[in-house]
Amino acid sequence: MADIKVAAYICKGCGLGERLDADALVKIAQKDGKVPLAKSHDFLCNADGVAMIKNDIANEGVTHIMIGACSRRAKTEAFFFPENAVARANLREGVIWIRPDTDEARETTQEMAEDYIRMGCAEVKAMTAPAGNAVTGSSKTLLVVGGGVTGMTTAIEASKTGYPVVLVEKSGALGGWAAKLYKRVPVHEPYKSPADTGVGELISQVLGDSNIKVYLNATVAKTDGAPGRFIVDIATESGATHTEDIGAIVQASGFDLYDMNKLPELGGGKSANVVDQAGLEALAVAAAAGDGVIRRPSDNQPVKSVVFVQCAGQRDPSGTHLAYCSGYCCNTSIKQAMYFKDANPSVDTTIIYTDLRTPGNGEDFYRSAQEKGVIFTKGKVAEVVPGGNTSTVKFHDLILDDKDAAMLDVDLVVLATGQVPNSGINIDAPAATAEEGVVEVKPISILNLTYRQGKDVPQLKQGFTDSHFICFPYETRRTGIYTAGPVRRPMDIAQAREDATGAALKSIQALENAELGRAAHPRSGDLSFPKVRLEGCTQCKRCTVECPFGAIDEDEKRFPVFNESRCRRCGTCMGACPVRVISFENYSVNTVGAQIKAVDIPDEFSEKPRILILACENDAYPALDMAGMGRNEYSAFVRIIPIRCLGSVNTIWITDALNAGYDGVMLMGCKSGDEYQCHFVKGSELGRVRMSKIDDTLKTLNLESERVRDLEVAITDIERVPEMINKYAAELVAVGPSPFKGF
Amino acid sequence: MAKHEYAFYPGCSSQKGASASNYLTSVESMCKTLDVKLTEIPDWNCCGASIGYAEAGELPRHVMNARNFALSEKNLPGQEIVATCAACWLGARETRERLTHSDTLMADTREALKEAGLTINEMPNIRHMVEVLIEDLGFDEMKKHVVRPLEGVKIAGYVGCQTNRPFGVDGESFENPQYLDRMVEMVGAESIPEYEQKVTCCGGALAFSEPEKAQAQIKDIVESAYDHGAEMIVTPCPLCQANVEIYQGQINKTYGTKFNIPVMYYSQLMVVAYGGSAKDAALNGQMIKARRLEEIAAKPVKR
Amino acid sequence: MSANTALAEKYRNNFLKEIEEQVEMGDWVKMCMQCGVCSGSCPTNFQSAWEHPPQELFMMIRAGKRDEVLTSTSMWNCTSCYNCIVRCPRKLPITHIMHGIAEYAHRIGLAPKMQATRFFSGLFWKNATKTGRVNELKLSMGLYFKNGFGSGVKEGMKMKDVAIGLVLAKRLNPLELFGGHKCKDQKGIQAMLKKAYEIERSRKAAKMAG
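Participant: How should the overall build of chain B be read in this particular structure?
Facilitator: On a plain count of helices and strands, chain B comes out with 14 helices and eight strands. For chain B, whose C-alpha radius of gyration is 19 Å, the value lies close to the compact-globule estimate of 19 Å for 303 residues. In terms of overall dimensions, chain B has C-alpha extents of about 55 × 50 × 35 Å along its principal axes. Looking at the 303 residues of chain B, the share that counts as buried comes to 61%. Long-range contacts, defined here as pairs at least 24 residues apart, represent 77% of the contacts in chain B between residues at least 6 apart.

So this is what it looks like as structure tokens:
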């Protein structure tokens, strides 16, 4: 390792100079932090302060910088030294702002600050400045899988931004479902009548764009590599395979309608006069090509009465059919009822619904249908009984509470069956057990990824692809691969187009970051990446299995292969590694471990317990900072270390802390599970699984289970976090001091 | 010439010996003080009220109101029509809105009016007396004439339905109109803005046909006034006044209550505050006597 | 109509069309979105007076329940308070539709015969239009005596205290029984109303004929 020279800088601005003894802190940095250069400054983030640091770098040979000032989340532009390792001791938000300005509090407040200086010095010494990932690719081409509205919109938007596009469509024509529609739900004033689909225009834009290469009757046979350097094999109908260099991928593989044959009680598959919404579109298209009259399929007679059954096979609590609402079907049925009413107002059109959901301007569309005489009946359809050329629709009228309500002699019944995502293979599903009656897993992969974790992007619920539904839509758990449109969640054309635009921009961002060797969201721009000492690796595979983003493959000798461009830098691999051979240049078992060990632990008679808090940098740490900004006070006995994710917590930190005499450890991470809020999707979940086994460790140390506390903290818990800290501190007093103090 | 002149549509209940004759008496005194001149529309007829719906149909109802418009136009050209009764005002205004918005209805109305030798050329504005007071005169003008403030009297402002919905007075909220409370304060009395039954229906014509249903609602209206410490209730509507006042005895029998709260018109409060006598304010027209007001009306005026 | 035809008519638009053509403001019925705010805003519905609150009546019309709607006592419980009108998010003139359905049921003779408000409504209109102005005494007497003389005396006695109070306050004049207030041009009023009825009837008949 090259020689390092560490410098510590203590800021006296923002009240730090008044509340803390800065000279003492400088001495601590010199004595305990053992730094050769330590200074204080009245206003470190101003031009003079920054110039002082820069001068030390240039003329004093400073390589490592410890800044004792505000939170690492503040003044990031002033304290930007990309060539150097930098650590920050949070004296402002983390010390003076969360402590009362009183004489009796002064001592413990100063102790807190001193510890943070010790921790900062220890941390920075364990760091090196990140050099960036060298294994990058520079392809700027976007692969779009799917030629429907979403795919075409993505292609057009990306092309307009200047990026070449390869578009792969499995069928022989562009347009997808939308091309099969007679008309679409209106998206412009006055929202009163069905509108042209606009698909023709999209298709001609795509075909007329020399920047977009279209493969029809084609599928993705293989996707290899990483963002910026994907190598994609495209199989065409002729049997030929074309290989393309790709920078990022948008999967717009769309949906299928829920199969109405699974709804025999609603007449699905039992009569030609019971159709799904696509079936009705086909009838309307045929009518438009002829005399404009929609005819019933069984005998080609004009339809005089039509009933639309909403939520057919949807919102089913029993688990037999779809559990969810597809969101668009109410507006679609309203549109389809207008096909009849606009052509002939005397056709009886009834929409039987339980809850009509027409958000936004759909409300105007709904009202327009009422004006046109479409009848809306709130009811639950129990049975559709086809007979001859007409059907009987039996339903429970929910307004009149008539369980035996029925409509006789209905010419045509339309079932609103909703969307099922076309998301490929569920890689998390247990190996297919061909049980009868079980909804079969779609066997065909969309992307055919060569990733160790599976051929397609992971799914969240009901087959929809996992995307960070709270904060980062489109982000899948495969870096540089974005899903957009109904494969992500049920949606209509308008929403799909918005989705497509968003995904196009995200994928462009991803391929640009990849070329520069930087991380994508949420550590956007981060140059650090995991390094592994393969000589110490035991090939346990935990890192390859646990990586939430499938970034780690295995070589033929079963050693992990890190694809840095796929990595999001969460550190879950580092937390998982039992032999601790995985680290980042600026975040490692050592950088955190050194901080834990640097804290001064008072003896058991001092009545000054020490509590270690490992706080997630995405939610818990900002919440703590904001608690400080709001001057919410909390215990002076805590020492907080930000971590990239709960998933990066290595259990050695906990054991070290307890051995060192800390009285308790608090882990603050994001909500996990189906309703996760973790920025790394699975990080907090994996971290918690690991921590659930901490009780065994506590038992071997003969310690109480209260010594470790795992807490869910959201970024909004600004007032709750201080309360949680104070409550835990009080609880620990009851448990008594750690028996490990003073060893 | 008076400051403000209007064509006046008193309505059936305001006639001599009818249920709201005290309203008319007090309005006349009030207008004298305020220099408002009301000229009765000659040979005016009933508005049909809401309750006439079973027989009235649509056109005959509007024709009845249109006859008053025609008479007003003929005899008092250019003057706005002012009604004191909520139902008269609402009925006339509804007719005005409908005729304005339907050419067919307007043509049919003209055809029927022809039978009575009348016609309409211009659609008149239809105003309620309260609108005139608030919008044309204003609270400052009204307050100027107060010479005997009703100090210490706590009054529940019962707005009721038909001056409030569907048209309302002075753009006020339907759920919590404030104007009556402001009028109570204007005469120097204490208002009860939190009176939660201020827009509850008194039962309207159901007080006649289905008294038990109407009286159940009247009970709530009176009870709430008592709960808020009101000494009297004030209202701008003749049917509200009558229903809330005259059935208190029957309600007491049915529910075992001891209601005996006077129900006044805003005009009666104003007349007393303006220095008028009990007779000017027609206090003798109360079935439940407003003793407190009578005492104040007997006091000399501070000039 | 046979039972089967009646069943076939259910949930078809025929009765709705009839209401649209014959009932004042009837073409608004289809615009109801079944939120129920009207039912929750109706003062007499809170006393469970309405067998079918407005929202339900609208649904019944769409469901083709002609007899149940037109023979219902429900809409006769309307006090004309207009609360439903001002609260309806779809701006349906519900008060007027209720009056309109009642009027239609009354017109074609399906309304419940001795429904008190139906009776009073007719009585009021006749009383008001006979002379052009309402005679309050005759109106009250007419209501009390609707079920014959004996019951009339009984009903009247119930209201005795109210009547005496009003007479003492000079707000009820016993002499109104003999004459009372009236318009001068009664002849003109009668001719005008006769014409109005004629026009209205012919318009409704034309709509019925399509």
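Participant: What should I look at first to understand the overall build of chain C in this one?
Facilitator: When you go through chain C residue by residue, the secondary structure sums to 12 helices and zero strands. Secondary structure elements in chain C, listed N-terminal to C-terminal, are α-α-α-α-α-α-α-α-α-α-α-α. Dimensions of chain C along its principal axes, counting C-alpha atoms only, are 60 × 40 × 35 Å. Counting every position in chain C, which comprises 210 residues, the buried fraction comes to 46%. For chain C, the share of sequence-separated contacts (at least 6 apart) that also reach a separation of at least 24 residues comes to 60%.

Participant: Teacher, can you tell me more about the sheet that holds strand β27 (residues 638-643) of chain A here?
Facilitator: To summarise the sheet geometry, strands pair through backbone hydrogen bonds and adopt either a parallel or an antiparallel arrangement. Residues and elements named next belong to chain A. Taken in spatial order, the four strands of this open sheet run β27-β26-β28-β29, and their pairing is parallel. Pairing within the sheet leaves two strands with one partner each, and these edge strands are β27 and β29 (708-712). Direction aside, the axes of adjacent strands within the sheet are offset by 20° on average. Of the strand pairs in this sheet, strand β26 (residues 611-616) and strand β28 (residues 664-669) are connected by five bridges, and their pairing is parallel. Directly across from Ile611, in β28, lies its bridge partner Gly664.

Participant: Sorry if this is basic, but what is going on with the confidence of the model for chain C here?
Facilitator: Mean pLDDT for chain C: 91, with 96% of residues reaching 70 or above. Confidence metrics for the complex model read pTM 0.90 and ipTM 0.95.

Participant: I would appreciate a short explanation of the nonpolar core in the present structure.
Facilitator: One recurring pattern in soluble globular proteins: nonpolar side chains tend to sit buried together. Counting residues in hydrophobic clusters, the biggest one holds 275 residues, and the most contacted among them are Val309, Val413, Val414 and Leu415 of chain A, Val234 and Leu269 of chain B together with Ile101 of chain C. Tallying contributions element by element places helix α11 (residues 493-515) of chain A first for this core, with eight residues. If near-sequence neighbours (up to four positions away) are discounted, Val414 of chain A is found in contact with Val275, Gln277, Leu280, Val306, Phe308, Val309, Ser333 and Gln336 of chain A. Grouped together as the second largest cluster of nonpolar side chains are 109 residues, Ala85, Trp97, Tyr116 and Cys678 of chain A included.

Participant: Explanation requested: the interface of chain C and chain A in the structure shown.
Facilitator: You'll often see interface size given as the accessible area lost when the parts meet. Taken residue by residue, the interface counts 14 residues in chain C and 14 residues in chain A. Elements with a minimum of two residues in the side of chain C that touches chain A: α1 (3-9) and α4 (54-62) of chain C. Here the side of chain C that touches chain A takes four residues from α4 of chain C, the largest share from any one element. Here the side of chain C that touches chain A is composed, by residue class, of seven nonpolar, two polar and five charged.

Participant: When you look at the environment of Gln462 of chain A in this model, what are you seeing that I'm missing?
Facilitator: Residues and elements named next belong to chain A. Within the secondary structure layout, Gln462 lies in the loop between β20 (419-421) and β21 (481-483). Residue Gln462 is classed as partly exposed on the basis of its C-beta count, with 13 C-beta atoms lying within 10 Å. In this structure Gln462 touches Ala323 and Tyr324, once residues within four positions along its chain are discounted.

Participant: Is there a simple way to think about the packing of helix α9 (residues 329-343) of chain A against helix α10 (residues 362-371) of chain A in this case?
Facilitator: Each packed pair of helices is defined by two parameters, the angle between the axes and the distance between the axes. Residues and elements named next belong to chain A. The N-to-C vectors of α9 and α10 enclose an angle of 35°; their axes lie 10 Å apart at closest approach. Along this stretch, α9 crosses α10, giving a crossing that reads as left-handed. Seen from α9, the contacting residues are Asn331, Ile334, Ala337 and Met338; seen from α10, they are Gly362, Phe365, Tyr366 and Ala369.

Participant: Explanation requested: the environment of Trp97 of chain A in the structure shown.
Facilitator: Residues and elements named next belong to chain A. Structurally, the position occupied by Trp97 is in the loop between α4 (92-96) and α5 (103-125). Using a count of 23 C-beta atoms within 10 Å as the deciding quantity, one classes Trp97 as buried. When the C-alpha positions of Trp97 and Glu723 are compared, they lie 15 Å apart, and in sequence the two are 626 residues distant.

Participant: Whenever I open this one, the domain arrangement of chain B confuses me. Can you help?
Facilitator: All names here are of chain B. Partitioning chain B into structural domains gives domain 1 (4-129) and domain 2 (146-298). Each of domain 1 and domain 2 has a C-alpha centre, and these two points are 25 Å apart. On the side of domain 2, 24 residues touch domain 1, which itself brings 20 residues to the contact. Of all the elements in the fold, those that place two or more residues in the side of domain 1 that touches domain 2 are α1 (21-34) and α4 (86-101). Tallying contributions element by element places α1 first for the side of domain 1 that touches domain 2, with nine residues.

Participant: Hey, could you run me through the interface of chain B and chain C in this one?
Facilitator: Contacts between the two partners involve 55 residues from chain B, matched on the other side by 56 residues from chain C. The set of elements that each furnish at least two residues to the side of chain B that touches chain C consists of α1, α2 (53-56), α3 (59-75), α5 (103-114), α9 (206-209) and α10 (211-227) of chain B. By residue class, the composition of the side of chain B that touches chain C is 25 nonpolar, 20 polar and 10 charged.

Participant: What am I meant to see in the packing of helix α8 (residues 277-289) of chain A against α9 of chain A here?
Facilitator: All names here are of chain A. It is at 11 Å that the axes of α8 and α9 come closest, and there the two elements cross at 25°. Relative to α9, α8 is oriented roughly parallel. Where α8 crosses over α9, the handedness of that crossing is left-handed. Mapping the contact onto sequence places Gln277, Leu280 and Ala284 in α8 and Cys329, Thr332, Gln336 and Tyr339 in α9.

Participant: Is there a simple way to explain unusual backbone geometry in this structure?
Facilitator: Peptide bonds are, in most cases, trans, and in most cases residues other than glycine have a negative phi. With an omega dihedral of 0°, the bond running from Glu189 of chain A to Pro190 of chain A counts as a cis peptide bond. When you line up the elements, Pro190 of chain A lands in the loop between β6 (165-168) and α7 (199-207). Note that the residue after His521 of chain A, namely Pro522 of chain A, is joined by a cis bond; omega there is 0°. Not every positive phi belongs to a glycine, and Asp170 of chain B is a case in point at roughly 55°. With respect to the helices and strands, the residue Asp170 of chain B is situated in the loop between β5 (154-157) and α8 (179-186). Of the residues examined, Asp170 of chain B has 13 C-beta atoms within 10 Å and is grouped as partly exposed.

Participant: Got a minute to help me understand the sheet that holds β6 of chain A in this structure?
Facilitator: Residues and elements named next belong to chain A. Reading across the sheet, the five strands line up as β7-β6-β5-β11-β21 and stay open at both edges, with parallel pairing between neighbours. If you trace the sheet from one side to the other, it starts and ends with β7 (212-215) and β21, each paired once. In this sheet, adjacent strand axes meet at a mean angle of 20° when their direction is disregarded. Summarising the sheet, strand β5 (residues 142-145) and β6 pair through four bridges and their orientation is parallel. By the bridge assignment, Val144 is partnered in β6 with Leu167.

Participant: Sorry if this is basic, but what is going on with helix α6 (residues 149-160) of chain A here?
Facilitator: Spacing of three or four residues puts side chains on the same side of an α-helix, whose turn is 3.6 residues. Residue and element names in this part refer to chain A. Along its 12 residues, α6 runs 16 Å from first to last C-alpha, staying within 8% of the 16 Å computed at 1.5 Å per residue. Within α6, 11 of the 12 residues are buried, which leaves it mostly tucked inside the rest of the structure. Taken together, the buried positions of α6 are occupied by Val149, Thr150, Gly151, Met152, Thr153, Thr154, Ala155, Ile156, Glu157, Ala158 and Ser159. On its buried face, α6 is in contact with β5, β6, α7, β7, β11 (248-251) and α11. Downstream of α6 by one or two residues, Gly162 has phi in the positive range, about 105°.

Participant: Which parts of the structure should I look at to understand helix α6 (residues 129-137) of chain B?
Facilitator: Residues and elements named next belong to chain B. Among all positions of α6, only Met129, Val130, Glu131 and Leu133 are buried. In the core, the buried residues of α6 are packed alongside α1, β3 (81-83), β4 (126-128), α7 (139-144) and α8. Of the residues one or two after α6, Gly138 is the one with positive phi, at around 95°.

Participant: Can you help me understand the environment of Gly152 of chain C in this one?
Facilitator: Residue and element names in this part refer to chain C. With respect to the helices, strands and loops of the structure, Gly152 is situated in helix α10 (residues 149-158). With 16 C-beta atoms packed within 10 Å, Gly152 lands in the partly exposed category. The residues contacting Gly152, other than those within four sequence positions of it, are Tyr144, Phe145 and Asn147.

Participant: Looking at this model, I keep getting lost on the pairing of strand β10 (residues 241-246) of chain A. Mind explaining?
Facilitator: Two faces belong to every sheet, and in a regular strand the side chains alternate between them. All names here are of chain A. Where strand β9 (residues 230-236) and β10 come together, six bridges link them in antiparallel fashion. The partner of Ile231 across the bridge, within β10, is Asp245. The hairpin formed by β9 and β10 contains four residues between the paired strands, and Gly239 there has a positive phi angle of roughly 100°.

Calculation rules
Residues numbered from 1 in each chain as written. Chains lettered and ligands numbered in written order. Predicted model: local features only at pLDDT ≥ 70, side-chain atom pairs only at ≥ 80, totals over all residues. Helix = DSSP H or I, 4+ residues; strand = E, 2+ residues; numbered from the N terminus. Rg over C-alpha atoms; globule rule 2.2 N^0.38 Å. Buried ≥ 20, exposed ≤ 12 C-beta atoms within 10 Å, placed from the backbone. Contact = placed C-beta atoms within 7 Å. Pairing = 2+ DSSP bridges. Axes fitted to C-alpha atoms, helices over the stretch in contact; angles between N-to-C directions. pLDDT = per-residue confidence, 0-100. Core = buried A, V, L, I, M, F, W, Y, C linked by C-beta atoms within 7 Å. Nonpolar A, V, L, I, M, F, W, Y, C, P; charged D, E, K, R; others polar. Left-handed = near helix turned anticlockwise from the far one by under 90°. Domains from an automatic or database assignment. Parallel < 35°, antiparallel > 145°, perpendicular 65-115°, else oblique. Expected span 1.5 Å × (residues − 1).

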